Amino acid sequence: MISTRDKIKGRAFLLIATIIWGTAFIFQKMGMDHVGPFTFGIFRFCLGALALLPVIWIADGIARKKQRAKTIVPFNDKTLLVGGLLCGAANFVAGSLQQVGLVYTTAGKAGFITSLDIVIVPLLMLTMKRKVGRNTWIGIAMACVGLWLLCIKEGFSIQLGDGLVIGCAFGYSFQILLIDYYSEKTDPIKLSFVTFMIAGIMSGIVAIFAETIRLQDILDCAIPILYVALLEVCVAFTLQIVGQKYTPPALAAIIMSMESVFAALCGGVFLHEVMTGREIAGCVIMFTAFILSQLPDRQKAKAGSQT
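What counts, and where the lines are drawn
- Residues numbered from 1 in each chain as written.
- Predicted model: local features only at pLDDT ≥ 70, side-chain atom pairs only at ≥ 80, totals over all residues.
- Heavy atoms only, no water.
- Helix = DSSP H or I, 4+ residues; strand = E, 2+ residues; numbered from the N terminus.
- Buried < 20%, exposed > 50% of the residue type's maximum accessible area, 1.4 Å probe, protein only.
- Areas by Shrake-Rupley, 256 points an atom, 1.4 Å probe, with all protein chains shown as cover.
- Core = buried A, V, L, I, M, F, W, Y, C linked by side-chain atoms within 4.5 Å.
- Contact = heavy atoms within 4.5 Å.
- 1 Å grid on protein atoms, 1.4 Å probe; cavity = no way out; pocket = protein on both sides within 12 Å on 5 of 7 lines; lining within 4 Å.
- Points joined across faces, edges and corners; volume = space filled by probe spheres on them.
- Nonpolar A, V, L, I, M, F, W, Y, C, P; charged D, E, K, R; others polar.
- Salt bridge = Lys/Arg side-chain N within 4 Å of Asp/Glu carboxyl O.
- pLDDT = per-residue confidence, 0-100.

**Looking at the overall build of the chain**
Piece 1. Scanning the chain for helices and strands turns up 15 helices and zero strands.
Piece 2. A buried classification covers 50% of the 307 residues belonging to the chain.
Piece 3. When the accessible surface of the chain is totalled, it reaches about 15000 Å², and 69% of it is carbon and sulfur.

**Digging into the nonpolar core**
The tendency in soluble globular proteins is for nonpolar side chains to be buried side by side.
Piece 1. One finds I118 and F196 to be the most contacted residues of the largest nonpolar core, which totals 55 residues.
Piece 2. For I118, the contacting residues outside a window of four places in its chain are I140, A143, C144, L147, A253, I254 and S257.

**What about empty space enclosed by the protein?**
Piece 1. As enumerated under the stated definition, the model contains two cavities of 30 Å³ or more in all.
Piece 2. As a volume, the largest cavity reaches approximately 220 Å³.
Piece 3. Taken together, 16 residues make up the lining of the largest cavity; nearest its centre are W21, T114, D117, Y172 and E259.
Piece 4. For the lining of the largest cavity, the secondary structure elements donating two or more residues are α1 (4-31), α8 (160-182) and α11 (222-244).
Piece 5. In the lining of the largest cavity, the residues fall into five nonpolar, seven polar and four charged.

**Brief notes about the pattern of salt bridges**
Piece 1. According to the stated counting rule, one finds four salt bridges in the structure shown.
Piece 2. Here K9 makes a salt bridge to D6, at a shortest N to O gap of 3.6 Å. One end of the pair, K9, and the other, D6, are both in helix α1, three residues apart, so they sit about a helical turn from each other.
Piece 3. Taking the relative accessible area as the measure of exposure, D6 reaches 22% and is therefore partly exposed.

**Focus: the confidence of the model for the chain**
Piece 1. For the chain, per-residue confidence averages 81 on the pLDDT scale, and residues scoring 70 or more make up 87% of the total.
Piece 2. Of all helices and strands in the chain, the one with the weakest mean pLDDT is helix α15 (residues 298-306) (48), whereas helix α9 (residues 188-210) scores best (93).
Piece 3. Every residue in residues 301-307 scores below 50 in pLDDT, and together they form zero contacts with partners more than four places removed in sequence or on other chains.

Listed below in structure tokens is the structure:
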């Protein structure tokens, strides 16, 4: 049974991760000016994984001092390796499709389509015979409307870039469900490390054959790479894995879909972009959906009180 404190902590972690992702979008766009999407992925994921090693070393040291060595999950643990491989593959596919899709579609469309995981995740949960609360469904519908107002600037049509980003949304949806499953069965921080290393290695394999890797381009892209690797990958994705341990996947998808809201706010602050009334309305609806989705279902609450 997850305590109220853990639930609040999990949702706070996911919200912080979402804020970081919103700000990181600016640096991802900057990085694409210097290197290809797969070359960017190599350093994005591998540096993020290496930054976790001191955290893992400290956490294991604390466990030993408290005489809880049996709770330490070794890196050769089968569940950890399988979970890291699956989560890493999903992360690589989703991130790569998003980066490549941005070349062929607008950022507004990409932001909306990527956040369709708030619809895809509950639908996938239904196929797994898992229940989704009524308030969550209402929050999903409101979040979709808010995302539409916030992101879509022109007529919606399915083109090459749109199709790639739709694949990205499915990739992130599977990642959310995989993390929901494996974060309870193994060390979440070590799961992050293996996930990022797998995604980085896969990015490297593709980059060797598909892109030209030049040292000067990497040096020119140093600031975006470091920001995205240390904050977006190391901090945000780890917060996602830990936060999902205490948060239902459907609600987690809604919280993380607010990335587009924070991306728009950061665009106004750092790039001096002016938000229209339509975009502001989208932000308001998104925040309302976030709050509504966390309210307890009336029928469940009534049943609980009777019990």
